[in-house]
Amino acid sequence: MGAAFQATVICLILLHGCNAAAQDDEWKSATATYSKETDGSIIIEGACGYGDLHMSSYGKYSAGLSSMLFNRGSTCGSCFEVRCVDHILWCLQGSPSVTLTATDFCPPNYGLPADYGGWCNFPRAHFEMSKAAFAEIAEKRADIVPVQYRRVKCERRGAIRFTVYGTSFYYQVLITNVGSDGEVVGVKVKGSKTGWIPMGRNWGQNWQCNLNLSGQPLSFEVTTSTGRTVTSYNVAPPTWRFGQTFQGKQF
C-alpha cells in the first residue's frame, strides 16, 4: 500500500512538472546558430536516434539543443517556436518564426567561453538549427543571433511510427512522428501472449525491454509529457521483422 501510494505521488509530480513545460505561451531568451550541412538540412543521425530526418518527416525544421534544453534526451521530439530578436543587422524584418523539432544534442565545449564559441555550455539555452531553417529567421551571414523560444504543440502528418529493432531476447522500438506534446515519457508494449509491459528509455526516443515477442502481434501505448496516452492495437502483425516500421494512432 505504501509503495503504491508513493508511486502515485511520484507520477503526479512528474506529470505536473511536464504539464508546465509542454506548452508555454511565455517567450524565453536563447541564442541560435546553424549547422554547416551541405544541403541546408540536418540529415545525419543525432542523439535522439531518428536517423535520416527526412525519412523521419522532421527534415530541415530540426535542431540540436544545448544540455539546458535537451534534458538528457527526454526533450527529443518536442517542438519549439523560435524567432530572431533584438538584432537590427541580422534578424529578418518582422521577426518571423519557425517551428523546430528537437532531434539532436548540441554538446558543450568548455574549452571555449560561453559567450564566445561555447554556445552550448551549461546553463546556456541554445539552438543549433539547420541552415535552411535558420535562413527563415535571420541572415545566413550571421554566426550567432539572439532568439526567443517557446514550447508549442507538434503538428504531424500521418500516424505515430514504430520502428522495431533487437534480437530474440532484446526488443527495442524507435518512436517517431509524435503529435501533440511530441515528448514521449512512457511506452508500453503488448503481445498476444503478454499483458502490457513497460519499456525503459534506452537513448533518445528508443525504448527497450528484455523479452521475446517474436510471432506475436504487437500493440503499443504511448504517453506524452502532459499525461496524454494513445493506444495502438495490433499495429505489427505476427510476421513482423526487425528493421520494419509500423504505424499506429495519432494524438
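Residues numbered from 1 in each chain as written. Predicted model: local features only at pLDDT ≥ 70, side-chain atom pairs only at ≥ 80, totals over all residues. Heavy atoms only, no water.

### Thoughts on the overall build of the chain
- The number of helices and strands found in the chain is three helices and 14 strands.
- Out of the 251 residues in the chain, the part that is buried amounts to 49%.
- Contacts in the chain between residues far apart in sequence, at least 24 positions, make up 68% of those at least 6 positions apart. (Helix = DSSP H or I, 4+ residues; strand = E, 2+ residues; numbered from the N terminus. Buried < 20%, exposed > 50% of the residue type's maximum accessible area, 1.4 Å probe, protein only. Contact = heavy atoms within 4.5 Å.)

### A word on a nonpolar patch on the surface
- Nonpolar side chains collect at one region of the surface, where Met68, Tyr110 and Phe122 lie side by side and expose about 370 Å² of accessible area between them.
- Since its relative accessible area comes to 56%, Tyr110 is described here as exposed. (Patch = residues over 30% accessible without salt bridge, like charges linked within 9 Å, V, L, I, M, F, W, Y side chains within 5 Å. Areas by Shrake-Rupley, 256 points an atom, 1.4 Å probe, with all protein chains shown as cover. Salt bridge = Lys/Arg side-chain N within 4 Å of Asp/Glu carboxyl O.)

### Quick word on the pattern of salt bridges
- Within the structure shown, the criterion is met by five salt bridges.
- Among the salt bridges present, the one from Asp181 reaches Lys153, with a minimum N-O distance of 2.8 Å. You can see Asp181 sitting in the loop between strand S8 (170–176) and strand S9 (184–190) and its partner Lys153 sitting in the loop between strand S6 (145–152) and strand S7 (161–167), a full 28 residues away along the chain.
- Since its relative accessible area comes to 0%, Asp181 is described here as buried.

### Quick notes on the pairing of S6
- Extensive coverage of S6 is indicated by the burial of six of its eight residues.
- Summarising the sheet, strand S1 (residues 28–34) and S6 pair through five bridges and their orientation is antiparallel. Counted as the bridge partner of Ala30 is Val147 from S6.
- Where strand S3 (residues 79–84) meets S6, six bridges bridge the pair, whose relative direction is antiparallel. Within S6, the position partnered with Glu81 by the bridge is Arg150. (Pairing = 2+ DSSP bridges.)

### Brief notes about the packing of aromatic side chains
- Taken as a whole and judged by the stated rule, the model has ten aromatic pairs.
- Seen in terms of ring centroids, Tyr34 and Phe134 are 4.9 Å apart; in terms of plane orientation they differ by 50°. Their pairing is tilted. Here Tyr34 is found in strand S1, whereas its partner Phe134 is found in helix H3 (residues 131–134), with 100 residues between them in sequence.
- In this structure Tyr34 comes out as buried when scored by relative accessible area, which is 11%.
- Both rings, one in Tyr50 and one in Tyr58, keep their centres 4.9 Å apart while their planes meet at 65°; by these two values the pair is edge-to-face. Here Tyr50 and Tyr58 have matching classes, each one buried.
- The ring of Trp27 has Arg83 lying over it, and the distance from NZ or CZ to the ring centre is 3.8 Å. (Phe/Tyr/Trp six-rings, centres within 6.5 Å; stacked < 30°, edge-to-face > 60°. Lys NZ or Arg CZ within 6 Å of the ring centre and 35° of its normal.)

### Structural notes on the sheet that holds strand S11 (residues 206–209)
- Ordered in space as S13-S12-S9-S10-S11-S8-S7-S14, the eight strands form an open sheet in which the pairing is antiparallel. On the outer flanks of this sheet lie strand S13 (229–236) and strand S14 (245–247), each paired with one strand and no other. On average, adjacent strands in this sheet sit at an angle of 30° to one another, irrespective of strand direction.
- Note: strand S10 (residues 197–203) against S11, three bridges, orientation antiparallel. Residue Trp203 lies in a different strand from S11, and its bridge partner there is Asn206. (Axes fitted to C-alpha atoms, helices over the stretch in contact; angles between N-to-C directions.)

### Thoughts on unusual backbone geometry
- With an omega dihedral of 5°, the bond running from Phe122 to Pro123 counts as a cis peptide bond.
- Checked against the element boundaries, Pro123 lands in the loop between strand S4 (97–105) and strand S5 (126–129).
- Even without glycine at this site, Asn234 takes up a positive phi of about 50°.
- As for its position among the elements, Asn234 is in strand S13.

### Brief notes about the sheet that holds S1
- Around the barrel, six strands lie side by side as S1-S5-S2-S4-S3-S6; this closed barrel has mixed pairing. Going from strand to strand, the sheet's axes swing by 45° on average, the running direction of each strand aside.
- Looking at chain direction, S3 and S4 are connected through five bridges and run antiparallel. In the sheet register, Glu81 faces S4, and the bridge partner there is Thr99.

### Overview of the side chain of Ser180
- With respect to the helices and strands, Ser180 occurs in the loop between S8 and S9.
- Ser180 sits in the buried class, given a relative accessible area of 8%.
- Separated by 3.3 Å, the side chains of Ser180 and Asp181 make a polar contact.
- Setting aside chain neighbours within four positions, we find Ser180 in contact with Lys153, Cys154, Arg228 and Phe251. (Polar contact = N/O pair within 3.5 Å; in protein donor to acceptor, adjacent residues only side chain to side chain.)

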